[in-house]
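# Overview (structure and organization)
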Amino acid sequence: MFHVEEIQSLNELELAVYEYIMRHKSAVSYMRIRELAAEAHVSTSTVLRFCKKMGCDGYAEFKLRMKEYNGQKKVDKLTEDLSELKAFFERLETEKFQKKLEEAASVLARMERVIFVGIGSSGHVGQYGARCFTNMGKFSLYISDPFYPINMNDDISTAAIVLSVSGESEQVIKIVNGLKRSSWKIISITNTEQSTISRLADLNLSYYITMRRDSENVDYTSQVPVMCIVEALGKKIRNRLMEE
């Protein structure tokens, strides 16, 4: 509901209002401005300044936003239907998908260095992917920090495997934009091939399943397809290395 920039603009008293609201989200939408001010131990003018900084014309609009936010918090019941995963496994075995896996594996096997990039759930898969590739004989590392200094001017051939469900993560896009200035090969694994990250990559592997997120942007999307793709790549790389 609140953006980082808005929170950073708050002074000490306004921050007290924010902290009270975050602890009592459901109650605040039914409180009068004097009640909120008294509970947060600030003046009503401080509450009004807080509302302005949150992009509202006044307290009435802020309460309306809170009611809308509270109404969206309910998470839909998660399905246990495996039909989507079954459909993915069928696509994974198609000649078209296997050809793309072989193409990616061919690139990765030639590289002296492989870097996995991702944040959140994708980041955890990236950590696993780096270990999986290393086990298969291709030493790999994982990077989650968009500000991590990467030496891209050396002579070591490098490929980045970029993981992102939506393909629209700002932090990951920043990393990819930085890598585009180098001679690194970029392979993305995303849910669809129409996303920003997939279009920036040299090669994209997409798995197409339903993205599931709640109003607070908590991601419930299955990572099983990504794990399968990573392991399939690792095995193909291993086989290529053994043939050399």
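Right above here is the structure, for reference.
Below or above, wherever it landed, is the structure these notes cover. Here the structure is a predicted model, which means the values were calculated and not measured.

This part takes up helix α4 (residues 33-40). Among the residues making up α4, those that are buried are L36, A37 and A40. All buried residues of α4 lie within an arc of 100° about the axis, which places them on one face of the element. Within α4, the exposed residues directed more than 90 degrees away from the buried face are R34 and A38.

Moving on to the sheet that holds strand β3 (residues 158-164). Taking strand neighbours across the sheet as the criterion, the five strands line up as β2-β1-β3-β4-β5 in an open arrangement whose pairing is parallel. The sheet is open, and its two borders are formed by β2 (140-143) and β5 (203-206), each paired with just one other strand. Along the sheet, successive strands turn relative to each other by an average axial angle of 20°, direction set aside. In this structure, strand β4 (residues 185-190) lies alongside β5, joined through four bridges in parallel fashion.

To continue, consider the packing of aromatic side chains. Between two aromatic rings, the relevant description is the distance of the centres plus the angle of the planes. Considering all chains together, one arrives at five aromatic pairs under this definition. Centroid distance F88 to F97: 6.5 Å. Interplanar angle 90°. Geometry classified as edge-to-face. Accessibility classification places F88 together with F97 in one group, the buried group. By the ring-pair criterion, three or more aromatic residues cluster together here, those being F50, Y59 and F62.

Compared with the 22 Å implied by 1.5 Å per residue over 16 residues, the 23 Å span of helix α8 (residues 95-110) between its first and last C-alpha is a close match. Every buried residue of α8 is accounted for by F97, L101, A104, A105, V107, L108 and A109.

The next thing to look at is the pattern of salt bridges. Summed over the entire model, instances satisfying the criterion amount to five salt bridges. With its nearest N and O atoms 2.7 Å apart, the salt bridge here joins K53 to E14. Of this pair, K53 sits in helix α5 (residues 44-53) while E14 sits in helix α2 (residues 12-23), placing them 39 residues apart in sequence. R240 serves as the salt-bridge partner of E102, at 3.1 Å between the closest nitrogen and oxygen. Of this pair, E102 sits in helix α8 while R240 sits in helix α12 (residues 224-243), and the two are 138 residues apart along the sequence. Using a relative accessible area of 33% as the deciding quantity, one classes E102 as partly exposed. Among the residues examined, R240 registers a relative accessible area of 28% and is labelled partly exposed. One continuous salt-bridge network, built from bridges that share partners, spans E14, R49 and K53.

Moving on: the side chain of S169. Following the sequence through the fold, S169 ends up in the loop between β3 and α10 (170-179). Looking at S169, the relative accessible area reads 17%, which means it is buried. If sequence neighbours within four positions are ignored, S169 has contacts with I119, S164 and I197.

Further remarks concern the packing of α8 against α12. With their axes 9 Å apart at the nearest point, α8 and α12 run at an angle of 55° to one another. Taken together, the axes of α8 and α12 lie oblique to each other. Remark: the crossing between α8 and α12 carries right-handed chirality. The residues of α12 that touch α8, namely those facing F97, Q98, L101, E102, A104, A105, S106, L108 and A109, are I229, A232, L233, K236, I237, R240 and L241. Tallied by class, residues from the contact of α8 with α12 come to 11 nonpolar, two polar and three charged.

Once that is clear, we can look at the pairing of β2. For a regular strand, the rule is simple: side chains alternate between the two faces of the sheet. The pairing of strand β1 (residues 113-117) with β2 spans four bridges and is parallel. When the bridges of β2 are listed, I115 appears paired with L141. Handedness of the β-α-β unit built from β1, helix α9 (residues 120-135) and β2 comes out right-handed.

Now for the environment of S9. Mapped onto the elements, S9 comes out in the loop between α1 (4-8) and α2. For S9, a relative accessible area of 36% puts it in the partly exposed group. Taking C-alpha positions, S9 is 9.5 Å from M54, a pair spaced 45 residues apart along the chain. Those residues within four positions of S9 in sequence are excluded, and the remaining contacts are E14 and K53. Within the structure, S9 has its side chain in polar contact with the backbone oxygen of E6 (distance 2.6 Å).

Cut-offs applied
Residues numbered from 1 in each chain as written. Predicted model: local features only at pLDDT ≥ 70, side-chain atom pairs only at ≥ 80, totals over all residues. Heavy atoms only, no water. Buried < 20%, exposed > 50% of the residue type's maximum accessible area, 1.4 Å probe, protein only. Helix = DSSP H or I, 4+ residues; strand = E, 2+ residues; numbered from the N terminus. Arc of directions from axis to C-beta. Pairing = 2+ DSSP bridges. Axes fitted to C-alpha atoms, helices over the stretch in contact; angles between N-to-C directions. Phe/Tyr/Trp six-rings, centres within 6.5 Å; stacked < 30°, edge-to-face > 60°. Expected span 1.5 Å × (residues − 1). Salt bridge = Lys/Arg side-chain N within 4 Å of Asp/Glu carboxyl O. Contact = heavy atoms within 4.5 Å. Parallel < 35°, antiparallel > 145°, perpendicular 65-115°, else oblique. Left-handed = near helix turned anticlockwise from the far one by under 90°. Nonpolar A, V, L, I, M, F, W, Y, C, P; charged D, E, K, R; others polar. Right-handed = clockwise from strand over helix to strand, strands pointing away. Polar contact = N/O pair within 3.5 Å; in protein donor to acceptor, adjacent residues only side chain to side chain.

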